[in-house]
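Understanding the architecture of this molecule
Okay, here's what each chain looks like letter by letter:
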Amino acid sequence: MTIAQGAAIFLFVAMFFVILLDKFERHIVTLASAACVIGIVFLLCMHSVSAVRSAFNFESMFTAGFWYGESDGTTGGINWSTILFIAGMMVMVEGLGQAGFFQWLCLRLAKAVHYHTVPLLLCFMCMSAFLSMFIDSITVVLFLSAVTAELARVLEFDPVPMIISEIFCANMGGAATMCGDPPNIIIGTSIGCTFFDFIANTGVIIAVGFAVCLLYFFLCFRRTLKESEKHRRPNPIYPEPSSAITNKKAFACAVFTFSTAVVLLVSHAQTRLSVALIGMIVAAMTLALTAFSSGWKSTADILRHIDYKTLLFFIGLFISVNGLEQTGVLDQVAVLIGKVSGGKAAVVIAIILWVSAIASAFVDNIPLAATMVPVIRSMAATQGIPLMTLAWTLSLGTDIGGNATPIGASANVVGTSVAAKNGHPISWKTYCIYCVPATIMVTAISMICLFVRYL
């Protein structure tokens, strides 16, 4: 092992450890790690200015393939496609939230099932999964859990079972498409996948797993939720869906923008527009239509509420991972997995799926996915296993495994925090009792589907 490799490993492990401690904001940790990688690994150990230039990867944005056409997705360093796409979707989601779209949708579904809690559980699970296919699962859980807590006060039921189910299904839905979960965005933009590539591969497998987990949570929570209806006060006043819409013009514009985003993502392979360009188009539409319908002050509010810290977190993370990549550490990890598996594709798939799933249960699945992408690319080159097969395996492992614990994915942290703020804390024991068996079950189903379809 060289000094540069040792330094890169030490800095990456230290970054992971400090993130787990949760004493500092994540973006500060990854940016500090990135600065150390640049200063210590690239300049002090490797004496390479070109390594620094490669890590920042600005040149990629000035190529035609970055915006339109076919991109090979092999560039290292900062993945600007991921950054721009997530930024664009953040702008759109802020616009939807400001227009009352999420609250209106939840209230509309509640009214459609006549405010009965068991049908509401199934509807909210399906809605959580569906919305997470197109919108970041963190945002879906944030709005859905808040509305669930609000409905729980009116309908007098315990929202914890419903929020746990919503979190699990949001991560499941996010695993089905390229834009649902941050790990998929990283994998898709790095390897050059389309929206339909994910739908046709992870989407099919997730559909099978989702049907099983829908039945599982129904059996787990139906009795508790039914009992709550017996103790409900007579003639409660239910909130009307229309109360969520304060500006009809802004609401119509937000829905139009969301519909356009879905069309652009679904037709991504045909139009050959890159996800970075789609993100920028959606952001520009949101800002322009918000200014038209609500005024420039509302547009400024959207820009003010974008989660810039998450974007900085990604930038620092990509540079930190690039330190492992440029020093050859990730190539050695790929070789090690190849030796352990004996070059057998089935064993490789099982290792990547279960290791990434177990790791994602305890560490954030975003840095795990970013770290593993160069590893599976190297394995595909050396072991002769199709890269796409390994990509779907990694996607399923990181997305599903993150469901097992309250800290496994960002959506889990958000959902449990909202529940606690509303006076319904979810303990590790309560969460894991229901989600660990479901995670193991869906991961096992995914492994069987991967074996049947790709081997």
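One can find the structure itself at the top, above this paragraph.
To start, this report covers the structure provided alongside it. (Residues numbered from 1 in each chain as written. Predicted model: local features only at pLDDT ≥ 70, side-chain atom pairs only at ≥ 80, totals over all residues. Heavy atoms only, no water.)

A cluster of nonpolar side chains, contributed by Leu20, Ile358, Phe362, Ile407, Val413 and Trp428, occupies part of the molecular surface with about 570 Å² of accessible area. Position of Phe362 relative to the elements: it lies in the loop between α18 (345–360) and α19 (365–383). Exposure remark for Phe362: the relative accessible area of 46% places this residue in the partly exposed category. (Patch = residues over 30% accessible without salt bridge, like charges linked within 9 Å, V, L, I, M, F, W, Y side chains within 5 Å. Areas by Shrake-Rupley, 256 points an atom, 1.4 Å probe, with all protein chains shown as cover. Salt bridge = Lys/Arg side-chain N within 4 Å of Asp/Glu carboxyl O. Helix = DSSP H or I, 4+ residues; strand = E, 2+ residues; numbered from the N terminus. Buried < 20%, exposed > 50% of the residue type's maximum accessible area, 1.4 Å probe, protein only.)

Turning our eyes to something else, we now look at the environment of Ser259. Summarising the element assignment, Ser259 is placed in helix α12 (residues 248–266). Placed 81 residues apart in sequence, Ser259 and Val340 show a C-alpha to C-alpha distance of 47 Å. Polar side-chain contacts of Ser259 include one of 2.9 Å to the backbone oxygen of Val255. (Polar contact = N/O pair within 3.5 Å; in protein donor to acceptor, adjacent residues only side chain to side chain.)

A few words on the packing of helix α5 (residues 80–98) against helix α16 (residues 308–326). The angle between the axes and the distance between the axes are what describe a pair of packed helices. Contact geometry for α5 and α16: axes closest at 10 Å, N-to-C directions at 170 degrees. It follows that α5 is roughly antiparallel to α16 by the angle criterion. Touching Trp80, Thr82, Ile83, Ile86, Ala87 and Met90 of α5 are Thr310, Leu311, Phe314, Ile315 and Phe318, all from α16. For the contact of α5 with α16, the residue count by class is nine nonpolar, two polar and no charged. (Axes fitted to C-alpha atoms, helices over the stretch in contact; angles between N-to-C directions. Parallel < 35°, antiparallel > 145°, perpendicular 65-115°, else oblique. Contact = heavy atoms within 4.5 Å. Nonpolar A, V, L, I, M, F, W, Y, C, P; charged D, E, K, R; others polar.)

Attention shifts here to the packing of aromatic side chains. Scanning the entire structure with this criterion turns up 19 aromatic pairs. Relative to Phe221, the ring of Phe217 lies with its centre 5.9 Å away and its plane at 15 degrees, an arrangement referred to as stacked. With Phe217 and Phe221 both in helix α11 (residues 195–230) and four residues apart, the pair spans about one turn of that helix. Both residues of the pair, Phe217 and Phe221, belong to the buried class. A connected cluster of aromatic rings, assembled from ring pairs, spans Phe101, Phe102, Trp104, Phe143, Phe251 and Phe258. Between the NZ or CZ atom of Arg222 and the centre of the ring of Phe218, over which it lies, the distance is 6.0 Å. Lys249 extends its terminal NZ or CZ atom over the ring of Phe292, reaching a point 5.0 Å from the ring centre. (Phe/Tyr/Trp six-rings, centres within 6.5 Å; stacked < 30°, edge-to-face > 60°. Lys NZ or Arg CZ within 6 Å of the ring centre and 35° of its normal.)

On to helix α2 (residues 26–45), then. The largest bend in α2 amounts to roughly 30 degrees and is located at Val37. For α2, the elements touching its buried residues are α1 (3–21), α3 (49–56) and α16. Once α2 ends, the next one or two residues include His47, with phi positive near 50 degrees. (Bend = angle between axes of the 7 residues up to and from the residue.)

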